[in-house]
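Descriptive analysis of the structure
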Amino acid sequence: MVDEYLRNIKSVFKIYKILGIYRPKGVHIGHRIYGFFSRLIFIDIYLLLQTIYFYKVKNIIDFADLLSMQLTWISIASKSYIVIFRFEALEEVLADLRELLVFASENQVNFGRFIKKRMDRIRRVFIIYWSTCPFTINLAFIAAIMDAKVPPYMTHYKLYAPPFFNFEQNYFYFIIAEFYANIGAEFAASTAVVMDFLGVFFFSMGAALLEELAARIAEIETELKDKMTIENRIKFHNIESKHEERTVQELKKCIIIHARIKKFLISAQNLVSPIIFFQVVISTAVICMTCYTISMFSPADGASVFFRQLTYMMPMGLQIFIPCYFGNEIMIAAEKFSMDIFHTKWYQGCKKFRTAFNTLLIHASQPLIMISGILFQVTLENFVTVSQLTYKFYAVMQNMNAKEAMQNMKDKEE
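Residues numbered from 1 in each chain as written. Predicted model: local features only at pLDDT ≥ 70, side-chain atom pairs only at ≥ 80, totals over all residues. Heavy atoms only, no water.

Per an unreviewed UniProt entry, the chain is named Odorant receptor, and its organism is Chironomus riparius. The UniProt entry for the chain carries the following comment under Subunit (unreviewed entry): "Interacts with Orco. Complexes exist early in the endomembrane system in olfactory sensory neurons (OSNs), coupling these complexes to the conserved ciliary trafficking pathway." The record in UniProt for the chain states the following under Sequence similarities (unreviewed entry): "Belongs to the insect chemoreceptor superfamily. Heteromeric odorant receptor channel (TC 1.A.69) family. Or2a subfamily." (UniProt positions renumbered as here; feature names shortened; annotations may be inferred.)

What follows is the structure, encoded as structure tokens:
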């Protein structure tokens, strides 16, 4: 049953193998070689060709367009290296999670309904999230092919053209370069999505475990009310019966489970925090520059550039929104858990039960918020803050451009 709860992360690991990111302890040398060359061809060389292209940039629009692509590939390369070099830590977190699931599911008939619900949900989110990448990339690819009528031909992602392979003047070379750019973008986008999914999976699992624990404590309360009559509460208020002893032991196990859930979330946070931080910072900058580029273009100026930029903002926005949304779910689940157990009739239990429950209340009252980087909290509130910051930065760039345009008009008049 535990394997059923972890099938989403197993599916991601299968994609890791295809992309060459899979690095468990003792992995075959052939897979390491495959991973090295796949990353070299579709990410590292791609990034190098983009970097060389900077010397051909002649205006701020081309610079912003190219820099947004450059930052995206830097982010993907950085995040993939984080996953590769910390893969053993990832396996340790998953091993702890497996042990936690086994421990929490012992002697629990109804265990798993909240986990299944959330795992099915994030599976759908993953499919929708990933599908935005090939959609936007292929749309830009089609637009670039349709836009390539006369030289110079331009690929939908800017690349350096060596003298012996001048695809800007040769249509056959252009088609080859365009297919390479498209495959490289698909490879990079898939890499980004499966790495971003780590935080989504861990956050969803943490929220589901808190819901499972709240339901378990509710069953303890129900059993306490059913087994203890009013007469027994009055007559044996401070005397432990066999039933009370079992109830106390069950509550103590719940306290241990809660502590292990928090430990798991802290370990998961430490693992995915650099990935989320890189993505939030870079996606914010990319969206700013993309908005600026779009404002300076129209479909008539170049359909491939315009539509690529327009559709490019969709996955960039999702890469900030999705981690923040599921990080916010952790905070909500923790607050709901604290409120639910506070409103139980724990005071009807025996003295040991009340003491143990007081310990759980103290631990549950502490806020549980995921942190990325040093200060960034992974919540919807901070997503709104980032969105506002993005717009402000975009407005500043627009204002600078407007002043420059007015100055040019004055110079012409003079």
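1. Observations regarding the nonpolar core
In terms of nonpolar packing, the biggest core is built from 116 residues, with Tyr 16, Leu 101, Phe 201, Phe 202 and Met 205 touching the most fellow members. Broken down by element, the residue count for this core peaks at 26 residues, all from helix 7 (residues 171-227). Excluding residues that lie within four positions of it along the chain, Tyr 16 makes contacts with Ile 21, Tyr 22, Val 83, Phe 87, Leu 90, Val 194, Met 195 and Leu 198. (Core = buried A, V, L, I, M, F, W, Y, C linked by side-chain atoms within 4.5 Å. Buried < 20%, exposed > 50% of the residue type's maximum accessible area, 1.4 Å probe, protein only. Helix = DSSP H or I, 4+ residues; strand = E, 2+ residues; numbered from the N terminus. Contact = heavy atoms within 4.5 Å.)

2. Notes on the UniProt feature "transmembrane region" (unreviewed entry) in the chain
In this numbering, the UniProt entry assigns the feature "transmembrane region" (unreviewed entry) to residues 33-55, 126-146, 187-210, 271-296, 316-334 and 355-376. Secondary structure across residues 126-146 comprises 100% helix and 0% strand; the distance between its end C-alpha atoms is 31 Å.

3. Considering the confidence of the model for the chain
On average, the chain scores 81 in pLDDT, and the residues at 70 or more come to 85%. Within the chain, helix 5 (residues 87-105) carries the highest mean pLDDT (91), whereas helix 8 (residues 230-235) carries the lowest (48). (pLDDT = per-residue confidence, 0-100.)

4. Structural notes on the environment of Gly 317
Among the structural elements, Gly 317 can be located in helix 10 (residues 303-342). Spatially, the C-alpha atom of Gly 317 lies 7.2 Å from that of Ser 283, the residues being 34 residues apart in sequence. Aside from chain neighbours lying at most four places away, what touches Gly 317 is Ile 287 and Phe 383.

5. So, the packing of aromatic side chains
Within this structure, the stated rule accounts for 25 aromatic pairs. Taken together through their ring pairs, the aromatic side chains of Phe 42, Tyr 46, Trp 73, Tyr 180 and Phe 187 make up a single cluster. Across the ring face of Tyr 81, the terminal group of Arg 39 is positioned such that the distance to the ring centre comes to 4.1 Å. Note that Arg 260 overlies the ring of Phe 103, its terminal NZ or CZ placed 5.2 Å from the centroid. (Phe/Tyr/Trp six-rings, centres within 6.5 Å; stacked < 30°, edge-to-face > 60°. Lys NZ or Arg CZ within 6 Å of the ring centre and 35° of its normal.)

6. Focus: a nonpolar patch on the surface
A contiguous nonpolar patch, built from Ile 29, Ile 33, Phe 36, Phe 37, Ile 41 and Ile 45 and spanning about 550 Å² of accessible area, is present on the exposed surface. Relative to the elements of secondary structure, Phe 36 occurs in helix 3 (residues 29-52). (Patch = residues over 30% accessible without salt bridge, like charges linked within 9 Å, V, L, I, M, F, W, Y side chains within 5 Å. Areas by Shrake-Rupley, 256 points an atom, 1.4 Å probe, with all protein chains shown as cover. Salt bridge = Lys/Arg side-chain N within 4 Å of Asp/Glu carboxyl O.)

7. Quick word on the environment of Ala 208
Among the secondary structure elements, Ala 208 is positioned in helix 7. For Ala 208, a relative accessible area of 0% translates into the label buried. Taking the C-alpha atoms as reference points, Ala 208 and Arg 113, 95 residues apart in sequence, are found 8.9 Å from one another.

8. Brief notes about the pattern of salt bridges
In total, this model carries 12 salt bridges according to the counting rule given. Lys 10 is the partner of Asp 3 in a salt bridge, and the nearest nitrogen-oxygen pair spans 3.3 Å. Classification of Asp 3 as partly exposed rests on a relative accessible area of 40%. In this structure Lys 10 comes out as partly exposed when scored by relative accessible area, which is 38%. Glu 250 serves as the salt-bridge partner of Arg 216, at 2.6 Å between the closest nitrogen and oxygen.

9. Things to note about the packing of helix 2 (residues 7-19) against helix 5
How two helices pack is summed up by the angle between their axes together with the distance between the axes. Taken N-terminus to C-terminus, the directions of helix 2 and helix 5 make an angle of 160°; their axes are 13 Å apart at the nearest point. In this view, helix 2 runs roughly antiparallel relative to helix 5, as classed from their interaxial angle. Helix 5 is crossed by helix 2, and the crossing has left-handed handedness. Contacts from Ile 9, Lys 10, Phe 13 and Tyr 16 in helix 2 reach Phe 87, Leu 90, Leu 94 and Arg 98 in helix 5. (Axes fitted to C-alpha atoms, helices over the stretch in contact; angles between N-to-C directions. Parallel < 35°, antiparallel > 145°, perpendicular 65-115°, else oblique. Left-handed = near helix turned anticlockwise from the far one by under 90°.)

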